[in-house]
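Coordinate inspection notes
Below are the chains, spelled out letter by letter.
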Amino acid sequence: MKIVFQKCTGQSMFWNCTENFYYHWTVLRTHLAFVSEQEILIPPVLKTQKDTLRWPILFHYIQPLTSTGHVSAVGVSEQQPEDTRPRPCSIRHASTSGQQQQQQHWQYQMTQDPSALREEGNNLFKSGDVQGALSCYTKALKLSDNDSENAVLFRNRSACYLKLEEYSKAEADATKALDTDQGDIKARFRRAQALHKLGRLDQAFLDAQKCAQLEPKNKAFQELLRQLSVQIQQKAVQLSSTDSRVQQMFKLLLDTSAQESDRLKAAQNLVVLSREDAGAEQIFRNDGVKLLQNLLDSRQEDIVLSALRTLVGLCTGHQSRTMAIVNELGMDRLCGVMGSGASAVSLAACHLLQVMFEALTEGMKKDFRGKDEAILPEPSRELRSMLRHLIDMLPASSVSGPGRDSAINLLVKQVPRKSQKNPDNSLTLWVIDNGIKKILEVSGTVPEITDGPTLTDNTPMNCAVLLNKLYDDLKSDKERENFNKLCEEYVQHHFEGSGLENKLRAIQTVSVLLQGPSDVGNRTLEMSGIMEAVISLCASENITHQQVAVETLIHAAGKAKRASFITANGVALLKDLYKKSENEQIRVRALVGLCKLGSAGGTDFSMKQFAEGSTLKLAKQCRKWLCNDSLPQTSRRWAIEGLAYLTFDADVKEDLVGDKNALQAMFQLAKSEDKTVLFAIGSTLVNCTNSYEVEKPDPQLVELAKYAKQHVPEEHPKDAKSFVEKRLVKLLEAGVVSALVCMVKQESPALTETCRECIARVFLALVERQEDRGTVVAQGGGKALLPLVSDSTDVGKIKAAQALAKITITSNPEIAFPGERVYEVVRPLVSLLALECSLLQNFEALMALTNLAGISDRLRQKIIKEKAVPKIEGYMFEEHDLVRAAATECMCNLVLSPEVQKLYLATDSDRLKLLVLYCGEDDERLRKAAAGTLAVLTGEMPEVCARIPDVTSHWLEILQALLLSESQDLRHRGVVITLNMMQADRSLAEKLMESEALEILSVLAKTADANQASVIKASQHCLDLAMEYGLIRNNEGGANEGSTP
């Protein structure tokens, strides 16, 4: 396939794609834009006329061709990418070439030929592109109908899965290959490796033993067999020891005459044993579940807690044991324990059920269930049975408030889909059909006046979160309409019922819906008579009636349209309640309603709902209530709700941040048991730190709007960067980090993904200044960010990952993330290497990964395992100088890993050429990174040295330029590369000594500057080596000169 590329300067270059095209395509495809089948847009790397090396770097896989053109190029395309990169070159394929048609026909045949796809997969596997090889083998399997050919493909794909550490798939493919050919020793060895990694040692040993019998001299087979023998013996010893300890604990627990302290200690020891595979297996096999059942029925809190924690160890990651335990204990007993009055027991039972759900659902996704591969029935029946029990718990009067909250929490976590990519939302539909009325019954309960289940302060918010999760998980308008209909029917049934209690239940249900699926809540609010009843109840003499009505009014003011209606019809009522009510709880709620209406303009300084100064007065009263310890915690929580709305105003932000007592009171509430306050605190902090998204309007559009006399948003002067930085310092001094850390640790549905996003935004703002990052880390901010990168909104995950990157860049990662935690940082950083992230986020992620890659080989392996190397290589082609240099610096540290070093040995790859050419760039930072990488490679792998002259004819000029550089770092790198090349190959040393490198090295060796000791020493070593080779000799004056032929 022949292509003409036309540069921006007008000069055309003719190149021909080599066999390496597919490798380079995987690297460069993120830079390409497809216009049609005949046209591809490629961003040019050429920036200036003197950048003679940069163009061939991007297209280095294409060789010059001056023969007949089968493809025509037409200048620079008019199409502009969305980002700020230069306009791309346009390449259009000519349609009149018979040879081109042959080429296209050949390519089509290759994609339809299993043998060609297998060969292509083999080449990709050898070059290190495991994912590409996997794709080729999978395509070939779909096309092939030959059993023997399929066996080879399965065997090869098994090798890919082993590389990708997907061991269950590797075992399955190797088994399929062996089903066709039992004598396939490669497939058997790969299955042994996969079984070994899966922990199925006995089966792995049988396969490895057979491999060793077939090829007794194969060292790899013998080594695997030795490892398995040692591990099996160790497991046997461990099982024997564990069995005796388990029996000892059982004896103590069954002995009713034993002291309570001894029995408690034995129960706690069982917890420790259950966390080990061997211990869990021994407890289960020795009929330990019945013993634990008796402990659960003992009614002794400490014993029950130990029994629950032991069951957690038995169920974790093991589907077969989980199903057996669920069937033996029964959900009635487990739900009864969770619904008990003790909060600690309820939480422990909730955690156990969560682990059971995870074991069952994860097992359904795997090819085998449990490490013993037990043949089990489909667990979906058990799952639905468990969910039905949880739904039945919700309205039950025998269930405690904490137990009910735990049941709601489990439904929130288990029912909705984890990803919208999963098309199956049948579980959500099933819960809506079978449980929506029970959820609404709990939502509509007003404990003070209606008979119903016991609630905590968190229950209404938890119900709102559950309803919102269910509604968001619906896929079609039909499903959403059904949800709306069920809610409306429930509200209407109670609202039209006899007695005031029914109307209050209906209004309370509407209030909860407004906090959750607000669209549904607004529809129910618009039902005939609802809004009028709310306004009417606000004037009731009954405090509970007023409280329910005012809260509904507050939640209804969430949208600008609704706020405008209430501003016109309800402000006077709220003001009257605020001024005249003698009940502080009513007054604070009325105040929040006024705050919410007063903030309808958001951050727009020019849009104020109330008179000048009114918002400051409201905020002052909120702070006063917040600091009043004599008020109930629920009233103080409503004061924070008011501040969450009022802090859109920069004057309010300044006053709040300057009030240390108010900040301390807010942070204390963040650490309290009241989970409903979390989002209000998060929103307030987002506003104070200005960490929300602000889109600055186009200046031309602003002028046009002014000319048309349209409204133009205005920024408050105190929202300027200098004011924000001062607020951040004050918040740090007040202890905001410890409050955020406590918020992240909360286990509650109230800690929604949106709430987590708020926390992530605040953390990112706090680490913006380099001097503040140490404070954040010291107070536990680094640890708190890790769960935010996995459980938040998409935006929240990116914000948290960027905050981690900033910390990792400037702090010692081993101190900021001690122990195993440092390995958890890698994945979020790699996630920032994506096109949807900004160049700044890409750059910071590369810098952070560079730091991690320089710490240890284990961290480098973790980065490689997360498939970061191809992404980093892609950014080495980035147009932005800093990003390109950062990617090369990261690669410089990664090449310390032998696995990455091997990539530069591949003969069908031009990675080495890229490094050599980058050593000749004008960008000093890029040159240092590339030269450092080359120095490491040539030192670790002498065979790389011999390839350098073959990759580009400019290699000697580039190396001499490094030696002559004004930068000492570049000179040192150049001398080290020269020394490595001379040590690797005498013929290379001869070429170097025949060039100007000899004179340069002689000058460097005589330098008297003590600061260049490393350069002097390496230069002298080069000259000594040349003398040893007989390439130069010392003349009488001590100068070096070339030897005679």
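Position labels on residues start from 1 in each chain and follow its written sequence. Where totals are concerned, whole chains, interfaces and linings use all residues; where local detail is concerned, this predicted model gives features only for residues with pLDDT of at least 70, and gives and counts side-chain atom pairs only at 80 or more. Side-chain numbers come from the whole structure's heavy atoms, not from hydrogens or water.

Regarding the side chain of Thr 938
We count a stretch as a helix when DSSP gives it H or I for four or more residues in a row; a strand needs E for two or more, and each element gets its number in order from the N terminus. The residue Thr 938 is located in helix H51 (residues 924–940) in this model. Each residue's exposure class comes from its accessible area (1.4 Å probe, protein chains only) as a fraction of the maximum for that residue type: buried when under 20%, exposed when over 50%, partly exposed otherwise. With a relative accessible area of 2%, Thr 938 lands in the buried category. At 2.9 Å, the side chain of Thr 938 and the side chain of Asn 980 are in polar contact. Counting of polar contacts relies on pairs of N or O atoms within 3.5 Å, with two restrictions inside protein: one atom must be capable of donating a hydrogen and the other of accepting it, and residues adjacent in sequence are counted only when both atoms are side-chain atoms.

As for helix H11 (residues 260–274)
Here H11 is 15 residues long and its end C-alpha atoms lie 21 Å apart, about the 21 Å a rise of 1.5 Å per residue gives. Buried residues of H11: Arg 263, Ala 266, Ala 267, Leu 270, Val 271, Leu 273 and Ser 274, and no others. Multiplying one less than the number of residues by 1.5 Å gives the expected span of a helix.

Focus: the nonpolar core
It is characteristic of soluble globular proteins that their nonpolar side chains tend to be buried jointly. In these notes, a set of buried Ala, Val, Leu, Ile, Met, Phe, Trp, Tyr and Cys residues joined through side-chain atoms within 4.5 Å is what counts as a nonpolar core. Formed by 188 residues in total, the largest nonpolar core has its most connected members in Phe 763 and Leu 766. With 9 residues, helix H38 (residues 753–766) is the single largest residue contributor to this core. Each domain's extent was defined by an automatic or database domain assignment. A domain split of this core shows at least three residues from each of domain 2 (416–527) and domain 3 (897–1033). Grouped together as the second largest cluster of nonpolar side chains are 80 residues, Phe 250, Leu 292, Ala 307 and Leu 383 included.

Looking at the packing of aromatic side chains
Ring pairs shown here join Phe, Tyr and Trp side chains whose ring centres sit within 6.5 Å, with only the six-membered ring taken for Trp; geometry is labelled stacked below 30 degrees between planes, edge-to-face above 60, and tilted in between. Following the criterion strictly, the structure yields 2 aromatic pairs and no others. Ring geometry for Phe 189 versus Phe 221: centroids 4.8 Å apart, planes at 50°, classification tilted. Residue Phe 189 is located in helix H8 (residues 185–197), and its partner Phe 221 is located in helix H10 (residues 219–254); the two are separated by 32 residues in the primary sequence. Here Phe 189 falls in the buried class, since its relative accessible area comes to 15%. Criterion for a charge above a ring: Lys NZ or Arg CZ within 6 Å of the ring centre, and within 35 degrees of the ring normal. One Lys or Arg, Lys 503, reaches over the ring of Phe 495 and ends 5.4 Å from the middle of that ring. Above the ring of Phe 723, the side-chain terminus of Lys 726 is found at 5.9 Å from the ring centroid.

What about the UniProt feature "repeat: TPR" (unreviewed entry) in the protein?
UniProt positions are given in the numbering used here, feature names are shortened, and annotations may be inferred rather than shown by experiment. The feature "repeat: TPR" (unreviewed entry), as given by UniProt, occupies residues 114–147 in the numbering adopted here. Taken end to end, residues 114–147 is 82% helix and 0% strand, and its two terminal C-alpha atoms sit 12 Å from one another.

Structural notes on the packing of helix H34 (residues 678–689) against helix H37 (residues 736–745)
Running from N to C, H34 and H37 point in directions that differ by 140°, and their axes come no closer than 11 Å. Both H34 and H37 take part in a crossing whose hand is left-handed. Along the contact surface, H34 presents Leu 678, Ile 681, Gly 682 and Leu 685, while H37 presents Val 736, Leu 740 and Met 743. When residue character is reported, Ala, Val, Leu, Ile, Met, Phe, Trp, Tyr, Cys and Pro are called nonpolar, Asp, Glu, Lys and Arg charged, and the others, Gly included, polar. Here the residues of the contact of H34 with H37 are counted per class, giving 6 nonpolar, 1 polar and no charged. To get an axis, a line is fitted to the C-alpha atoms, and for a helix only the part in contact is used. The angle between two axes follows their N-to-C directions and goes from 0 to 180 degrees. It is the rotation of the near helix from the far one that decides the hand of a crossing: anticlockwise by less than a right angle makes it left-handed, clockwise makes it right-handed. Here a residue-residue contact requires only that any non-hydrogen atoms of the pair lie within 4.5 Å.

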